[in-house]
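# Descriptive analysis of the structure
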Amino acid sequence: MNEHLMRAALEAARRGWHVFPLRPGTKRPALHGERSCTGTGPCASGHLKWEQRATTNPDRIQAAWSQAPFNVGIATGPSGLLVVDLDMPKTTSSKGSSDAPDGAATFAALCERAGHAVPDTYRTRTASGGQHLHFTAPPDVRLTNTAGSIAPLVDTRAAGGYVVAAGSITPTGSYEALNAPVAAPVPGWLLSILKPAPRPSQAPPRAVAGQSSRYADVAFDNEVLSVATAADGTRNATLLRAARALGRFIASGDLTRVRVEDALREAAGANATQPQRYYDDVIRRALDWSITHNSPRGRVT
């Protein structure tokens, strides 16, 4: 067992992916926490978390995995990866099945609305039956983790996150590589959705009354125009980014939700290639996400 898992760790490292041990049979990191840190060894200069200790060094990997049958974690941030996690719906009946679409289905629908096929890239099947799609992230953009914000049962892992590598084994099943030996770059349309919304850095640091609202109005006009003039195949991604950007101003009270929703619906429907309900769903989810993440105490207004 140790040899199998060691080979899995070394294989991931050969791809340039930084690995660290997970507790045998689980998805939890095997490294000690800050409270139990003795300040020795790798932590002699201060406690190092799993993301900092993840490595591609084969000697360190062999030394670690010779001790126990650790599962393999891949630290997505240091590895330069963006992993799309397509989850399975939770079962709601005694029969152990659910009629809800899984993450793969909702992600396929998202790709269709964006005008693109599901990307062909390195992927693994998870122990629960879901999938992990591995993409190489651009070095000049810091992507972070998301949970269901781009589509139901679709999460992403990047800086600050990790995934379980192929070859790892849990009581519910194993993680297996499926196809496409190479991780493709993050598709441009998906990257545009995941990029952090720009902050109003042009706003004066000590805005007088009215300045914040004027800035919001300018942002409003620019975002609505970008949606109205978006090329086919990019409208869904453009709409999602615009709604996230304008949601900040709803949270701050500079714009009303009704005004933003009405303007974005009209702009998206001007040259619509999808039914209006698709755009309504994108606007609603993006505004909910943005307002939640920009309101005091995370409240939705």
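As a further point, take the packing of aromatic side chains. Summed over all chains, the structure comprises six aromatic pairs. These aromatic residues form a ring-pair network of at least three members: Phe20, Trp50 and Tyr162. Across from the ring centre of Trp289, 4.2 Å away, lies the NZ or CZ of Arg244, which sits over that ring. Its guanidinium or amino end placed over the ring of Phe220, Arg259 lies 4.0 Å from that ring's centre, counting from NZ or CZ.

Let's shift gears to the nonpolar core. Within the largest apolar cluster, 47 residues are counted, with the highest numbers of intra-cluster contacts made by Val84, Phe107, Leu190 and Leu264. With nine residues, helix H7 (residues 235-252) is the single largest residue contributor to this core. Apart from the residues within four sequence positions on either side, Leu264 is in contact with Val224, Val227, Leu239, Ala242, Ala243, Leu246 and Ile283.

Attention now goes to the pairing of strand S7 (residues 154-157). Both strand S3 (residues 81-86) and S7 contribute to a ladder of four bridges, which runs antiparallel. Within the sheet, the bridge partner assigned to Val84 lies in S7 and is Thr156. Where strand S6 (residues 146-151) and S7 come together, three bridges link them in antiparallel fashion. Bridging across to S7, Thr146 finds its partner in Thr156. In textbook terms, the turn of a hairpin is the stretch between consecutive antiparallel strands, and for S6 and S7 this stretch comprises two residues, one of which, Leu153, has a positive phi near 65 degrees.

When pLDDT is averaged along the protein chain, the result is 84; 87% of the residues meet or exceed 70. Segment residues 201-209: pLDDT under 50, and five contacts once partners within four positions in sequence are set aside and those in other chains are kept. Confidence drops under a pLDDT of 50 for residues 297-301, and excluding neighbours within four residues, the segment shows 10 contacts in the predicted structure.

So, on to the pattern of salt bridges. Here the structure, examined in full by the defined rule, presents nine salt bridges. Between Glu11 and Arg14 there is a salt bridge, with its nearest N and O atoms 3.2 Å apart. With Glu11 and Arg14 both in helix H1 (residues 2-14) and three residues apart, this pair spans about one turn of that helix. Residue class for Glu11 comes out partly exposed when judged on its relative accessible area of 33%. With a closest N to O distance of 3.1 Å, Arg259 and Asp217 form a salt bridge. Of this pair, Arg259 sits in helix H8 (residues 257-269) while Asp217 sits in helix H6 (residues 211-228); the two residues are 42 residues apart in sequence, bridging distant segments of the chain. Relative accessible area serves as the criterion here: at 30%, Asp217 is assigned to the partly exposed category.

Structurally, Glu223 can be placed in helix H6. With no salt bridge to any partner, buried Glu223 finds its closest opposite charge in Arg248, at an N-O distance of 6.3 Å. Those residues within four positions of Glu223 in sequence are excluded, and the remaining contacts are Ala242, Ala245 and Leu246.

Pairing is antiparallel across the open sheet formed by three strands, whose spatial order is S1-S2-S8. Of all strands in the sheet, those bounded by a partner on one side alone are strand S1 (19-22) and strand S8 (162-164). Strand-to-strand twist of the sheet, defined as the mean angle between neighbouring strand axes without regard to direction, takes the value 35 degrees. Relative to strand S2 (residues 71-75), H1 is tilted by about 15 degrees, and along the sheet it contacts S1 and S2. Where helix H3 (residues 58-65) meets the sheet, it contacts S1 and S2, and its direction lies at approximately 5 degrees from that of S1.

Where H7 meets H8, the axes come as close as 10 Å, and the angle between the chain directions of the two elements is 165 degrees. It follows that H7 is roughly antiparallel to H8 by the angle criterion. H7 and H8 meet at a crossing whose hand is right-handed. Along its contact with H7, which presents Arg235, Leu239, Ala242, Ala243, Leu246 and Ile250, the element H8 presents Arg257, Val260, Leu264 and Ala268.

This part is about H3. Here H3 has its buried residues at Ile61, Ala64 and Trp65. Each buried residue of H3 lies within a common arc of 85 degrees when the element is viewed along its axis, so the set occupies one face. Tucked into the core, H3 has its buried residues touching H1, S1 and S2. The opening residue of H3 is Asn57, an N-cap whose side-chain oxygen sits 2.8 Å from the backbone nitrogen of Asp59.

Turning to its location among the elements, Pro78 is positioned in the loop between S2 and S3. Residue Pro78 is classed as partly exposed on the basis of its relative accessible area, which comes to 35%. Separated by 61 residues in the primary sequence, Pro78 and Trp17 place their C-alpha atoms 7.6 Å from one another. Non-local contacts of Pro78, meaning those with residues more than four positions away in its chain, are made with His18 and Glu51.

What counts, and where the lines are drawn
- Residues numbered from 1 in each chain as written.
- Predicted model: local features only at pLDDT ≥ 70, side-chain atom pairs only at ≥ 80, totals over all residues.
- Heavy atoms only, no water.
- Phe/Tyr/Trp six-rings, centres within 6.5 Å; stacked < 30°, edge-to-face > 60°.
- Lys NZ or Arg CZ within 6 Å of the ring centre and 35° of its normal.
- Core = buried A, V, L, I, M, F, W, Y, C linked by side-chain atoms within 4.5 Å.
- Buried < 20%, exposed > 50% of the residue type's maximum accessible area, 1.4 Å probe, protein only.
- Helix = DSSP H or I, 4+ residues; strand = E, 2+ residues; numbered from the N terminus.
- Contact = heavy atoms within 4.5 Å.
- Pairing = 2+ DSSP bridges.
- pLDDT = per-residue confidence, 0-100.
- Salt bridge = Lys/Arg side-chain N within 4 Å of Asp/Glu carboxyl O.
- Lys, Arg positive; Asp, Glu negative; His and termini not counted.
- Axes fitted to C-alpha atoms, helices over the stretch in contact; angles between N-to-C directions.
- Parallel < 35°, antiparallel > 145°, perpendicular 65-115°, else oblique.
- Left-handed = near helix turned anticlockwise from the far one by under 90°.
- Arc of directions from axis to C-beta.
- Polar contact = N/O pair within 3.5 Å; in protein donor to acceptor, adjacent residues only side chain to side chain.

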